[in-house]
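Coordinate analysis (summary)
Spelled out, the chains give:
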Amino acid sequence: MEVIKRPILTEKASDLTEGLNRYVFEVDLRANKIEVRKAVEEMFNVTVVSVNTSVVAGQSKTRYTKSGFVTGKTQKYKKAVVTIKDGETIDVYSVI
């Protein structure tokens, strides 16, 4: 199981990085906080202070096409907000 899928690079996530030394990652739905902590420490060689996780629910999407309305839903995913020790950084652009 690959624990860390990708970093989440949004405006809100970059504000957390600059101000509070927190990084946001999309992780596997089955992963727990301990597995996320170990994966981040091994992958980036940093000290993790805390991990907060949340499951983001999928949104329902509707669009109009030639054949009528098409409805669907995006997948749910789990995101982890990882706080690392002061003075340490993660280069998330090297992971992409």
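One structure accompanies this document, and this report is about it. Only a predicted model underlies this, so the values are computations on that prediction, with no experimental measurement involved.

What follows is about the side chain of asparagine 21. Assignment of secondary structure puts asparagine 21 in the loop between helix 1 (11-20) and strand 2 (22-27). Reaching out from asparagine 21, the side chain makes a polar contact with the backbone oxygen of glutamate 88 at a distance of 3.5 Å. Dropping the residues within four chain positions of it, asparagine 21 is found in contact with Leu16, Val82, Thr83, Ile84, Lys85, Asp86, Gly87 and Glu88.

What follows covers the nonpolar core. Judged by nonpolar contacts, the single largest core of 18 residues is most densely connected at Ile4, Phe25, Val36, Val40, Val82 and Ile90. At the level of secondary structure, the elements contributing two or more residues to this core comprise strand 2, helix 2 (33-44), strand 3 (48-56) and strand 6 (77-84). With four residues, the single largest contributor to this core is helix 2. If sequence neighbours within four positions are ignored, valine 36 has contacts with Val3, Val27, Ala31, Val51, Ala80 and Val82.

Another point: the pattern of salt bridges. Within the structure shown, the criterion is met by two salt bridges. With a shortest N-O distance of 2.8 Å, glutamate 26 and arginine 6 are connected by a salt bridge. Highlighted residues: glutamate 26 in strand 2 and arginine 6 in strand 1 (residues 4-7), separated in sequence by 20 residues. Residue classification places glutamate 26 among the buried positions, given a relative accessible area of 12%. For aspartate 28, the salt bridge identified is with arginine 30, shortest N-O distance 3.1 Å. Taking the relative accessible area as the measure of exposure, arginine 30 reaches 63% and is therefore exposed.

Across the sheet, four strands lie side by side as 1-2-6-3; this open sheet has antiparallel pairing. Each having just a single partner strand, strand 1 and strand 3 make up the two edges of the open sheet. Recorded for the sheet is a direction-independent mean angle of 30 degrees between the axes of neighbouring strands. Of the pairings in the sheet, the one linking strand 1 to strand 2 comprises three bridges and is antiparallel in character. Of the residues in strand 2, the one forming a bridge with isoleucine 4 is valine 27. Running over the sheet, helix 1 touches strand 2 and strand 6 and is turned about 140 degrees from strand 2. Its contacts with the sheet place helix 2 against strand 1, strand 2, strand 3 and strand 6, and it is angled at close to 125 degrees to strand 3.

Conventions we followed
- Residues numbered from 1 in each chain as written.
- Predicted model: local features only at pLDDT ≥ 70, side-chain atom pairs only at ≥ 80, totals over all residues.
- Heavy atoms only, no water.
- Helix = DSSP H or I, 4+ residues; strand = E, 2+ residues; numbered from the N terminus.
- Polar contact = N/O pair within 3.5 Å; in protein donor to acceptor, adjacent residues only side chain to side chain.
- Contact = heavy atoms within 4.5 Å.
- Core = buried A, V, L, I, M, F, W, Y, C linked by side-chain atoms within 4.5 Å.
- Buried < 20%, exposed > 50% of the residue type's maximum accessible area, 1.4 Å probe, protein only.
- Salt bridge = Lys/Arg side-chain N within 4 Å of Asp/Glu carboxyl O.
- Pairing = 2+ DSSP bridges.
- Axes fitted to C-alpha atoms, helices over the stretch in contact; angles between N-to-C directions.

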